[in-house]
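# Fold and geometry: a report
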Amino acid sequence: MTNEEQLTINTLRVLSSEAIEKAKSGHPGICLGAAPMAYALFSRHLKHNPKNPNFFDRDRFVLSAGHGSALLYSLLHIFGYGLTKEDMMRFRQHTSKTPGHPEYGVTAGVEVSTGPLGQGVANAVGFALAERVLADKFNKPDCTLIDHYTYALCGDGCMMEGIENEAASFAGSLKLGKLIVMYDSNRITIEGSTDLTFTENVGARHEALGWQVLNVADGEDLDQISAAITLAKAEKNKPSLIIVNTTIGYGSPLAGTCKSHGAPLGEANVAALRKNLNYKIKPFEVAPAVTDGIAELAPKLAKYESDWNKTVKSYKTKYPEDYELFQRYRKSEIDFSELDVIYDKPQKAEATRNSSSRILNIIAAQNPFVIGGSADLATSNMVVINDGGDVSASESGRNIHFGVREHAMGAVCNGMYLHGGLLPFCATFAVFSDYMKGALRMSALMNLPIVYVLSHDSIGVGEDGPTHQPIEQLEMLRSIPNIKVFRPADSKETAAAYESAWTGKCPTAIVCSRQALPQLDCTGTDALYGGYIVSDSEKPVPDVILIANGSELSLALASKEELKNSGVDARVVSMPCMELFDIQTAKYRESVLPSNVRARVAIEAGRSGAWYKYVGLDGECCCIDHFGMSAPANVMFEICGFTVDNVVKLAKKTIKSSAKAMKNDAE
């Protein structure tokens, strides 16, 4: 290691510590300990071009230990990604480009939002898998179009999380040789030594999962670290874990202690750090020697992109049809104007999971960049792409077998989408959406249009019993900001769910039934509004409004007919997606749910909580606010009150109560 390299590493350390100190918030420990390995990667190995952070064949770097964001920002600052001194000084401040944890879309050079520990490793698996699939699809013997690595930097906390093991197991099974995880092993967490709770042999575990494991005894030795990365890059058939032994808080008086993990060092300790490192540069300044050293790297970094551009030009000449297809993959945009057939009405009743399967395959047949799979439930979720082939260690088809790994599955899909060139979806039973809630949340936070197909949507699961019957999951999903939860009533509404999902800028959960549902004449593309009138009242003002979705929409329509026999005129509204309905104009929402009709009944085989914003204090909910039981589906629905008789009873009850309330208001 040269004196210049040591100065650069110390610059990263002090910049990070000063940013944290100025913010009075942050995590200096990892920034001080992991600076050498991060610098070794960025300066000696990472294929990147700071002048164009998004050039397609770049290496991807994921800071899974997102609390070390100050280190990443320091790297981006000195390497010329556009982060200024002022940006560093505004670390963790409102509207800054240097938020507390890395955020996708906020800071150039940040590939994915990270912070929830372990998810970044799974995101990195998604990046590496996307690279593999695209390389197998487009590379030619004489023209390598896709050829890059994915790196992740993680810590002890990432290694404790279950998602890391899920993702590592998946990556090992697929032999993702171009995935390299650098493990900052400093043996300290917030509460103290990892020996308190974490004594496993991480390397042996990963070897058992099919990884190459390399050890760097001295995290300060740049050459050792670089040599390990070189060995990792040479292994083509296994992902690599590089265990780098470091000292948390290196160079500060708090080195080696948990006190350096999650709080500023303090002014006195920053001063001591500077003294210990013999660092005399002014606060937030970068020494000319460091600037000049990075400038010397610039031509090499720019050449990565210029060489790739030459490859692309050659590829376009030699393989023009494949080049055009590659451009389609890169855009990954579905033109639904050419897909009217997805709205064709089947002749027979079918479960919406069957509708989803047929529609997904129509879309996939015309859009080869659509790829996905299930958490070992593909034939139950019905998300198999016909003739799509499998994704495995030896094949790069379109059907991904994620195994029973829901959380990793969602995070892998996030990484695949962010890599670019593929449009991923994934699936499981609705009740198991709990297992991947963290990944769902990150999809929503990053505005990623991932499709989550969640089948077996209600107590209609029947004999499988309460462990498999989703009750609160719809409410949980709806509680996540920036996600659309679509529960279609038939094939046409399922088609609308897919169109909405893949023309939007956020994730969509398409929640499908296992049991067959009737094909309705009254549904259609108006489902894209989220809520719409499917059977109106004969009077200008209905006596009651029945609001339903999924399997309960046909129940609402049957209840309307029974109410008519009693002289009650009902309007039926289908509400497959509350989130879409809520963003319509006030005029439209009023036309569907007029405020002068306070007699309303919501009907859905799930928790009632979310429905009260539509039915109000005077309305009623035909929902289920308790766990289910093991019984045939038809018995379950009857026991839980999903019958015409009960809906009629509730409708008449709310008509009376709303009339009384309106009279009291008038008085």
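Shown above is the structure to which this text applies.
I will try to describe carefully the structure that is included in this document.

The rules we used
- Residues numbered from 1 in each chain as written.
- Predicted model: local features only at pLDDT ≥ 70, side-chain atom pairs only at ≥ 80, totals over all residues.
- Heavy atoms only, no water.
- Salt bridge = Lys/Arg side-chain N within 4 Å of Asp/Glu carboxyl O.
- Helix = DSSP H or I, 4+ residues; strand = E, 2+ residues; numbered from the N terminus.
- Core = buried A, V, L, I, M, F, W, Y, C linked by side-chain atoms within 4.5 Å.
- Buried < 20%, exposed > 50% of the residue type's maximum accessible area, 1.4 Å probe, protein only.
- Contact = heavy atoms within 4.5 Å.
- Polar contact = N/O pair within 3.5 Å; in protein donor to acceptor, adjacent residues only side chain to side chain.
- Pairing = 2+ DSSP bridges.
- Axes fitted to C-alpha atoms, helices over the stretch in contact; angles between N-to-C directions.

### With respect to the pattern of salt bridges
- Enumeration over the complete set of coordinates arrives at 28 salt bridges.
- In this structure, Asp147 engages Lys178 in a salt bridge whose closest nitrogen and oxygen atoms are separated by 2.4 Å. Note that Asp147 is positioned in the loop between helix 5 (119-138) and strand 2 (150-155) and Lys178 in the loop between helix 7 (162-174) and strand 3 (179-185), a separation of 31 residues in sequence.
- A single salt-bridge network, built from bridges that share partners, covers Glu5, Arg44 and Asp223.

### Side note on the nonpolar core
- Ranked by internal contacts, the top residues of the largest apolar core, which has 160 residues, are Leu129, Ile363, Val370, Trp502, Leu546, Ile603 and Phe642.
- If you tally residues by element for this core, the top one is helix 5, at 12 residues.
- The contacts of Trp502, once residues within four sequence positions are left out, are Ile334, Phe336, Leu360, Ile363, Val370, Leu423, Pro424, Phe425, Pro449 and Val451.
- In this structure, Leu15, Phe91, Leu153 and Val216 belong to the second largest nonpolar core, which totals 53 residues.

### Section: the environment of Asn381
- Inspection of the secondary structure puts Asn381 in helix 14 (residues 378-381).
- In this structure Asn381 comes out as buried when scored by relative accessible area, which is 0%.
- Put simply, Asn381 and Cys426 are 45 residues apart on the chain and 9.6 Å apart in space, counted from C-alpha to C-alpha.
- Ignoring anything within four residues of it in the chain, the contact list for Asn381 reads Arg353, Ser374, Ala427, Thr428, Phe429, Val453 and Ser455.
- A polar contact is formed between the side chain of Asn381 and the side chain of Ser374, at a distance of 2.6 Å.

### Things to note about the environment of Asn634
- Mapped onto the elements of the fold, Asn634 is located in helix 23 (residues 633-639).
- Judged by its relative accessible area of 56%, Asn634 falls in the exposed class.
- Here the alpha-carbon distance between Asn634 and Gly460, two residues 174 residues apart in the chain, equals 7.5 Å.

### Points about the sheet that holds strand 17 (residues 570-574)
- Spatial ordering of the open sheet is given by 15-17-16-18-19, a layout of five strands whose pairing is mixed. Edge positions in the open sheet fall to strand 15 (532-535) and strand 19 (620-622), since each of these has one partner strand only. Pairwise comparison of adjacent strand axes, ignoring direction, gives a mean angle of 30° for this sheet.
- Pairing analysis gives four bridges linking strand 16 (residues 544-548) to strand 18 (residues 600-603), with the strands arranged parallel. When the bridges of strand 18 are listed, Ile547 appears paired with Ala602.
- Together, strand 16, strand 18 and strand 19 form the strand contacts of helix 24 (residues 644-666), whose direction differs from that of strand 19 by roughly 175°.

### What to know about the sheet that holds strand 13 (residues 484-486)
- The parallel open sheet is built from seven strands, whose spatial order is 9-10-8-11-12-14-13. In this open sheet, the two strands that pair with only one neighbour each are strand 9 (390-391) and strand 13.
- Bridge count between strand 11 (residues 423-429) and strand 12 (residues 451-455): five bridges; the pairing is parallel. Looking at the pairing, Phe429 lines up with Ser455 of strand 12.

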